[in-house]
Amino acid sequence: MRFRRVTGIIAILLMLMTGALAAPVAAATTYADPQQRFSFTIPDGYTPTPQVTPPVVAGFVAASPAGANFTIQVRDATGSLDDATTEFQKRYASGTDSQPGPNGVQSLTLGGLPAKQFDYFTSAQGTRFHISQVVAVNGKALYILIFTAQEGDYDTLVNQTGVALSSFAFLAAGSAPISSQTSDGTAMYSDPQGRFSFAVPIDFQQSTGAGASKVSVEFESRSLSGNVSSYFFVDVQDAPTDTTISLSRLATFARNDWIDKKYSILSEQTVSLGGQPAYRFDVTKTLDSGANVRTVDINASNGSKVFQVTFTCSSSRFDEFAARFQGVLSSFSFSATPNPVTPPTTPPPAAPTKPAPSVPAAPPPANPPPSAPPPSSPAPTDGHDNGR
């Protein structure tokens, strides 16, 4: 089990702020989806992001104003346009750190089809952002276009990206189902080495920064959690010997780590991960910033490998995110195909609380809202101080 400071989302945002991605795209350049589902005209001066993770299909960032950006997501459509709009608006515009924008829900067309648009404000790392989502359904696919800028740059973003909306067109394959997603719209992640897979919650996106590079894979929520990010990671390491490490040894090792890091252990219990016996710790700690965080840590072995799945969230929003993380655990498989398990709406019951060590009491932690904007200030203390 390794410790590291997670800075993935901050690194991504700083890259966007500085435009350190690629050369700006010339005016009137057309972007065509590789799967031939849609196309649009790229706004003058916008740069394509070099790497995106499903359900994001494409992303572009402005040279000026710094950090202004937009992304396109494609998911399986599981309901009506109104249903999708209501769900996204509820999720992103009514959180504890977000407020609805001044424009309400507006009707428009996207590629000749009915669409809905709503805007909202959110704050991240001390910066306030204005965000707009455009939602449309074409056949079996749900399209979400997300426009993000710092509050004072929002009008400029709207003017610059208007050409992308007006030129948007659905191509011949636009109604094709999305093979990389599950029936409920969540994306599936399969480890490139074929060691594991799981279903990714709808509002989490893969991290690619320095912290995430130290684990096998990490995902962070675009639904920000105050001063603390909501994130989870999966790490795989070789067992200490050539034989399968025992569950009791895993539990002892993890327990000592949490105590050394001055976490209070709320509960610990034997569970199952991908059909294998696993050990779960629920721990908490109050950070130097005063923020209280909570972490769920699952440890298991499979063959000669040790697997660690860890989720961290602000304690005040733990109940809100716990069901999403339980969906990750339920779908987790030691193969390339996630288990077909429907995530429960409530977290599993905790085992009887064990005495906590006599030390201070919470763990660490973001990818911005649907296409989060880049903060211009240094990264604050956000709880990414553990990263087991």
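Throughout what follows, the structure given in this document is the object of discussion. (Residues numbered from 1 in each chain as written. Predicted model: local features only at pLDDT ≥ 70, side-chain atom pairs only at ≥ 80, totals over all residues. Heavy atoms only, no water.)

A word on the overall build of the protein chain. The helix and strand tally for the protein chain stands at five helices and 19 strands. Here the protein chain holds 388 residues, and the buried ones make up 55% of them. With the model as given, the accessible surface of the protein chain reaches about 15200 Å², and the carbon-plus-sulfur share is 53%. (Helix = DSSP H or I, 4+ residues; strand = E, 2+ residues; numbered from the N terminus. Buried < 20%, exposed > 50% of the residue type's maximum accessible area, 1.4 Å probe, protein only. Areas by Shrake-Rupley, 256 points an atom, 1.4 Å probe, with all protein chains shown as cover.)

The seven strands are arranged β3-β4-β5-β9-β8-β7-β6 in an open sheet whose pairing can be described as antiparallel. At either end of the open sheet lies a strand with only one pairing partner, and these are β3 (46-48) and β6 (98-110). Put simply, the sheet's adjacent strands are angled 20° from each other on average, direction ignored. Sheet analysis places strand β4 (residues 56-62) next to strand β5 (residues 69-76), joined by five bridges and oriented antiparallel. Bridging from a neighbouring strand, Gly59 pairs with Thr71 of β5. Taken strand by strand, helix α2 (residues 81-93) contacts β5, β6, β7 (113-124), β8 (127-138) and β9 (141-150), and its axis lies near 5° from that of β7. (Pairing = 2+ DSSP bridges. Axes fitted to C-alpha atoms, helices over the stretch in contact; angles between N-to-C directions. Contact = heavy atoms within 4.5 Å.)

A word on the nonpolar core. Membership of the largest hydrophobic core comes to 28 residues, with the highest contact counts inside it found for Phe196, Phe198, Leu273 and Phe332. Secondary-structure elements contributing two or more residues to this core are β11 (187-190), β12 (197-200), β14 (217-221), β15 (231-238), β18 (292-302), β19 (305-314) and α5 (318-331). Top contributing element to this core by residue count: α5, with six residues. Core analysis: the second largest hydrophobic core is formed by 27 residues, Tyr31, Ala68, Ile72 and Ala115 among them. (Core = buried A, V, L, I, M, F, W, Y, C linked by side-chain atoms within 4.5 Å.)

Let's shift gears to the sheet that holds strand β16 (residues 264-273). Reading across the sheet, the seven strands line up as β13-β14-β15-β19-β18-β17-β16 and stay open at both edges, with antiparallel pairing between neighbours. The strands lining the two open edges of the sheet, one partner per strand, are β13 (204-206) and β16. Looking at each pair of strands side by side, their axes are set apart by 20° on average, direction ignored. Sitting on the sheet, helix α4 (residues 247-260) is in contact with β16, β17 (276-286), β18 and β19, with an inclination near 10° to β17. The strands touched by α5 within the sheet are β13, β14, β15, β16, β17, β18 and β19, with β19 carrying the most contacts at an inclination of about 160°.

Right, let's talk about α5 for a bit. Helix length check: α5, at 14 residues, gives a terminal C-alpha distance of 20 Å against a target of 20 Å (1.5 Å per residue), a fit within 8%. With respect to burial, α5 is a largely interior element, 12 of its 14 residues being buried. For α5, every residue scored as buried is listed here: Phe318, Phe321, Ala322, Ala323, Arg324, Phe325, Gln326, Gly327, Val328, Leu329, Ser330 and Ser331. (Expected span 1.5 Å × (residues − 1).)

Tracing the sequence through the fold places Asp97 in the loop between α2 and β6. Taking the C-alpha atoms as reference points, Asp97 and Phe121, separated by 24 residues in sequence, lie 8.5 Å from one another.

So, about the side chain of Glu268. Turning to its location among the elements, Glu268 is positioned in strand β16. Owing to a relative accessible area of 7%, Glu268 belongs among the buried residues under this scheme. Polar contacts involving the side chain of Glu268 include one to the side chain of Tyr279, which spans 2.8 Å. (Polar contact = N/O pair within 3.5 Å; in protein donor to acceptor, adjacent residues only side chain to side chain.)

Let us now look at the pattern of salt bridges. Per the stated rule, a full pass over the model turns up nine salt bridges. A salt bridge links Glu87 to Arg91; its shortest N-O distance comes to 2.6 Å. One end of the pair, Glu87, and the other, Arg91, are both in helix α2, four residues apart, so they sit about a helical turn from each other. It is possible to trace a salt-bridge network through shared partners that takes in Arg280, Asp282 and Arg294. (Salt bridge = Lys/Arg side-chain N within 4 Å of Asp/Glu carboxyl O.)

Going from Pro54 to Pro55, the amide bond is cis rather than trans, its omega being 10°. Tracing the backbone through its elements, the reader meets Pro55 in the loop between β3 and β4. A cis geometry characterises the amide bond from Ser64 onward to Pro65, with omega recorded as 0°. Within the element layout of this structure, Pro65 appears in the loop between β4 and β5. The backbone of Gln36 shows a phi angle near 60°, a positive value even though the residue is not glycine. Tracing the sequence through the fold places Gln36 in the loop between β1 (29-32) and β2 (38-42). The backbone of Lys262 sits at a positive phi, close to 65°, despite the residue not being glycine. Relative to the helices and strands, Lys262 is located in the loop between α4 and β16.

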